[in-house]
Amino acid sequence: MFTEDSILSPPFLAILTHQKQRDMERDSLEEDGLSTSSLLLKEVSNCGNHCNSTSSSDSSVTALLVFSTLVAVCGSIATGCAVGYSSPVKSGIMEDLGLSVAAYSLFGSMLTIGGLTAALVNGTITDMIGRKRTMWLSQILSTAGWLSIALTKVPSLPLDSPNSPQRLPTCVLFELSKWNRKCSKENLLNAWWLDAGRALIGFGVGLTGYVVHVYIAEITPKNVRGAFASFNSFMLACGFSLAYFIGTIVSWRALALIGGIPGVIQIFSLYFIPESPRWLVKVGQKQEFEAALQRLRGKSADISQEATDITIYTETFERQSWSRFSDVFQQRYAHSLTVGLGLMLLQQFGGVSAFSYYASTIFESADFSTSIGTRSVAIVTMPALAITVILTDRAGRQPLLMVSSAGVCLSCLILGLLFYMQDLHNWKDVTPILVFLAILAYFVFASVGMQGLPWILMSEIFPVNVRGRAGSLVTFTHWSCSWIVSYTFNFMFEWSAPGTFFIFAGVCGLAILFTVKLVPETKGRALEELQASLAHFSAVS
């Protein structure tokens, strides 16, 4: 909180001294019809110039900050379990419930449908009820979905009619027909509960995928924000691997119950962590904002500078917003929106979801063991993501994205060449192992950047007044493109395996150019400074 000493400190006095001058400048600019985004950048820069020494809160990593992050990433573990659930349980569910391939495909796709629906409202919900309540809501829905799947009844088996039904009494034939109609209705209801549960999980995943990234970005100091945000992707991969390996040991019902455990842990743990300080100041809860920021930074930390920066930034941008969805398309946000949407488009059309969903299909086409291949993918992904957690705040987002894009581009080129040679019946002896190595390389390079960094940047680059609407638009783009790629991959692969990978390689090549030209480096920059500079860039460009 602000104390008497902090109010009388030089930085705070300087801000008060120049407040009237800035208000006069703003009025002058607005009368002239000019954008106020350049003034916002000046305000943030001025505060930074008065306080150019590193604040004690900039580098403080407290126990509560770590605990809050761990609670938030419980949702990411649940998301990983949801994504990895459908692969190991396919045969078990189809046999126990008597589902056809088409019915099981519908069950699997309900996760994407739920995610698409959530993407339309996740930003609005997060801004309306707060980050904590949104995480709570997402896990309530996901837990209900897991229970719906786990409690789905085994269908009643219809009775076959005898070879000579005319020999049976009419009353027996009537009862037989009645029983079969009843079985048909029960089986349809069972399938509905299964699909509804998967859709609820998908809706929860759609909320979690957005709010966890935003919450972590808003509570962490700038010098460790990248590492904490990357840890989110690491835990998502842990959930995916957990579901895959345990799914080969336990039944599909037991795996559904296990998949709900991280969500239940998060539901109860949310009571012990603070709300996002930036959301609190956005909704005008000043006292709660200062208390939450002080708890996160430590009792002895001086938060006056950081609190002032956040307050001035939020109030200035809120004055420029009229709470309309169209605000996100203003010119001052064009750069941020281009980066957010562009990275999601390039991520998906570069094959990230296609490789995740259909790696086993690619292994099978190359005559390589699918069990060895998919397990190897799960194993190599973990250390790659662990390295990303370490490097995100040291190397920076932009260099990692460039290395990642170049790596996946090269991997796709090699895969295209290998399948082209396979079509010519050349290199038959070495093609399977080379395809295996190329796929592993793709997953390693994707884990370094293209898989998780677009989400981290999405949580960093949008100002608080449009973050909810922009986040909804970006996540909807992600889920839409993911569905398009996952739906069309099998058709493309059947049309031409080499052509499919060459297309992915071309998109990944574009990602390199996109990163160099447009993606900002956010390492070590305060959210207020970063977002104000991006808005200023858009206004003058």
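Just so it is clear, the structure is predicted and the values come from calculations on it, not from any experiment.

Side note on the overall build of the chain
Here's step 1: Summing up its helical and strand segments, the chain has 22 helices and zero strands in all.
Here's step 2: Residue pairs in contact within the chain that sit at least 24 positions apart in sequence constitute 84% of those at least 6 positions apart.
Here's step 3: Of the accessible surface of the chain, which amounts to about 23,400 Å², a share of 66% is contributed by carbon and sulfur atoms.

Examining the packing of helix H6 (residues 101-129) against helix H7 (residues 131-150)
The description of two helices packed together rests on the angle between their axes and the distance between the axes.
Here's step 1: Taken N-terminus to C-terminus, the directions of H6 and H7 make an angle of 160°; their axes are 10 Å apart at the nearest point. The orientation of H6 with respect to H7, classified from their angle, is roughly antiparallel. The interaxial crossing formed by H6 with H7 has right-handed handedness. Residues Phe-107, Ile-125, Thr-126, Asp-127 and Ile-129 of H6 form the contact with H7, whose participating residues are Arg-131, Arg-133, Thr-134, Leu-137 and Ile-149.
Here's step 2: A per-class count over the contact of H6 with H7 returns five nonpolar, two polar and three charged.

A closer look at helix H20 (residues 467-495)
Here's step 1: Under the 1.5 Å per step criterion, the end-to-end length of H20 is 41 Å for 29 residues, consistent within 8% with the ideal 42 Å.
Here's step 2: Where H20 bends most, at Phe-489, the angle is about 40°.

Considerations on the pattern of salt bridges
Here's step 1: By the definition in use, this model includes six salt bridges.
Here's step 2: In this structure, Asp-127 and Arg-131 form a salt bridge, with 3.2 Å as the shortest nitrogen-oxygen distance. Across this residue pair, the class does not change: Asp-127 and Arg-131 are buried.
Here's step 3: In this structure, Glu-460 engages Arg-397 in a salt bridge whose closest nitrogen and oxygen atoms are separated by 2.6 Å.

Observations regarding the packing of aromatic side chains
Any two aromatic rings considered together are summarised by their centre-to-centre distance and by the angle between their planes.
Here's step 1: Counted according to the given criterion, the structure contains 17 aromatic pairs.
Here's step 2: Considering the side-chain rings of Phe-419 and Phe-501, the 5.5 Å spacing of their centres and the 20° angle between planes classify their relative orientation as stacked. With Phe-419 in helix H17 (residues 397-423) and Phe-501 in helix H21 (residues 497-518), this residue pair connects regions lying 82 residues apart in the sequence.
Here's step 3: Between Phe-493 and Phe-501, the ring centres sit 6.0 Å apart and the planes meet at 85°, which makes this aromatic pair edge-to-face.

Some thoughts on empty space enclosed by the protein
Here's step 1: All chains considered together, the criterion is met by two cavities of 30 Å³ or more.
Here's step 2: Taken together, Ser-230, Ser-233, Leu-385, Thr-388, Ser-447, Gly-449, Gly-452, Leu-453 and Ile-456 make up the lining of the largest cavity.
Here's step 3: Where the lining of the largest cavity is concerned, the elements lending two or more residues are helix H9 (225-247), helix H16 (370-391), helix H18 (431-450) and helix H19 (453-461).
Here's step 4: Looking at the lining of the largest cavity residue by residue, the classes come out as three nonpolar, six polar and no charged.

As for the confidence of the model for the chain
Here's step 1: Summarising the model, the chain shows a mean pLDDT of 79, and 79% of its residues fall at 70 or more.
Here's step 2: Scored below 50 in pLDDT, residues 1-56 makes 67 contacts in the model with residues more than four places away or belonging to other chains.
Here's step 3: The low-confidence segment residues 537-541 (pLDDT under 50) makes 11 contacts with residues lying over four places distant or belonging to another chain.

Some remarks on unusual backbone geometry
Here's step 1: Even without glycine at this site, Asp-367 takes up a positive phi of about 60°.
Here's step 2: Inspection of the secondary structure puts Asp-367 in the loop between helix H15 (352-365) and H16.
Here's step 3: Assessed through its relative accessible area of 65%, Asp-367 is described here as exposed.

Focus: H15
Here's step 1: Helix length check: H15, at 14 residues, gives a terminal C-alpha distance of 19 Å against a target of 20 Å (1.5 Å per residue), a fit within 8%.
Here's step 2: A bend of about 75° at Tyr-358 is the largest found in H15.
Here's step 3: Elements that come into contact with the buried residues of H15 comprise helix H14 (334-349), H16, H17, H18, H20 and H21.
Here's step 4: After H15 finishes, the residue Asp-367 shows a positive phi value of roughly 60°.

Focus: the packing of H9 against H16
Here's step 1: Relative orientation of the contacting elements H9 and H16 amounts to 165°, with a least axis distance of 9 Å. Judged by the angle between their axes, H9 and H16 are roughly antiparallel. Once H9 is placed against H16, the crossing between them reads as left-handed. From H9, Ala-227, Ser-230, Phe-231, Ser-233, Phe-234, Ala-237, Cys-238, Ser-241, Tyr-244 and Phe-245 reach across to H16, where they touch Thr-374, Arg-375, Ala-378, Ile-379, Thr-381, Met-382, Leu-385, Ala-386, Thr-388 and Val-389.
Here's step 2: In terms of residue class, the contact of H9 with H16 is made up of 13 nonpolar, six polar and one charged.

Brief notes about the environment of Thr-208
Here's step 1: Along the chain, the position of Thr-208 falls in helix H8 (residues 170-219).
Here's step 2: The contact partners of Thr-208, leaving out residues within four places of it in the chain, are Gly-75, Ser-76, Thr-79, Ser-138 and Gln-139.

Section: the environment of Ile-93
Here's step 1: Locating Ile-93 in the fold gives a position in helix H5 (residues 90-97).
Here's step 2: Taking the C-alpha atoms as reference points, Ile-93 and Leu-194, 101 residues apart in sequence, are found 9.9 Å from one another.
Here's step 3: Ile-93 has contacts with Tyr-85, Gly-98, Leu-99, Tyr-104, Phe-107, Leu-194 and Trp-252, leaving out every residue within four places of it along the chain.

Quick word on the nonpolar core
Here's step 1: One finds Tyr-85, Ile-93 and Ile-149 to be the most contacted residues of the largest nonpolar core, which totals 82 residues.
Here's step 2: Tallying contributions element by element places H8 first for this core, with 10 residues.
Here's step 3: Core analysis: the second largest hydrophobic core is formed by 32 residues, Ile-362, Leu-415, Phe-436 and Phe-493 among them.

Observations regarding the side chain of Ser-76
Here's step 1: You can see Ser-76 is positioned in helix H4 (residues 63-85).
Here's step 2: Excluding anything up to four places from it in sequence, Ser-76 contacts Thr-208, Val-212, Asn-232, Met-235 and Leu-236.

Focus on a nonpolar patch on the surface
Here's step 1: A cluster of nonpolar side chains, contributed by Leu-410, Leu-413, Ile-414, Leu-417, Tyr-420, Leu-424, Trp-427, Val-430, Ile-433, Leu-434, Leu-437 and Phe-502, occupies part of the molecular surface with about 1,000 Å² of accessible area.
Here's step 2: When residues of the nonpolar patch are assigned to their parent elements, the largest contribution, five residues, is made by H17.
Here's step 3: Tracing the sequence through the fold places Leu-434 in helix H18.
Here's step 4: Judged by relative accessible area, which is 33%, Leu-434 ranks as partly exposed.

Comments concerning the environment of Ala-82
Here's step 1: Take Ala-82: it is sitting in helix H4.
Here's step 2: The spatial distance from the C-alpha of Ala-82 to the C-alpha of Gly-260 is 9.0 Å, given a sequence separation of 178 residues.
Here's step 3: Each residue touching Ala-82, except ones within four places of it in the same chain, is listed here: Leu-111, Trp-146, Arg-198, Ile-201 and Val-205.

Side note on the state of the cysteines
Here's step 1: As enumerated under the stated definition, the model contains zero disulfides in all.
Here's step 2: The thiol of Cys-508 is not disulfide-bonded; the next cysteine sulfur, from Cys-412, is found 4.9 Å away.
Here's step 3: Among the residues examined, Cys-508 registers a relative accessible area of 4% and is labelled buried.

About the criteria used
Residues numbered from 1 in each chain as written. Predicted model: local features only at pLDDT ≥ 70, side-chain atom pairs only at ≥ 80, totals over all residues. Heavy atoms only, no water. Helix = DSSP H or I, 4+ residues; strand = E, 2+ residues; numbered from the N terminus. Contact = heavy atoms within 4.5 Å. Areas by Shrake-Rupley, 256 points an atom, 1.4 Å probe, with all protein chains shown as cover. Axes fitted to C-alpha atoms, helices over the stretch in contact; angles between N-to-C directions. Parallel < 35°, antiparallel > 145°, perpendicular 65-115°, else oblique. Left-handed = near helix turned anticlockwise from the far one by under 90°. Nonpolar A, V, L, I, M, F, W, Y, C, P; charged D, E, K, R; others polar. Expected span 1.5 Å × (residues − 1). Bend = angle between axes of the 7 residues up to and from the residue. Salt bridge = Lys/Arg side-chain N within 4 Å of Asp/Glu carboxyl O. Buried < 20%, exposed > 50% of the residue type's maximum accessible area, 1.4 Å probe, protein only. Phe/Tyr/Trp six-rings, centres within 6.5 Å; stacked < 30°, edge-to-face > 60°. 1 Å grid on protein atoms, 1.4 Å probe; cavity = no way out; pocket = protein on both sides within 12 Å on 5 of 7 lines; lining within 4 Å. Points joined across faces, edges and corners; volume = space filled by probe spheres on them. pLDDT = per-residue confidence, 0-100. Core = buried A, V, L, I, M, F, W, Y, C linked by side-chain atoms within 4.5 Å. Patch = residues over 30% accessible without salt bridge, like charges linked within 9 Å, V, L, I, M, F, W, Y side chains within 5 Å. Disulfide = S-S within 2.5 Å.

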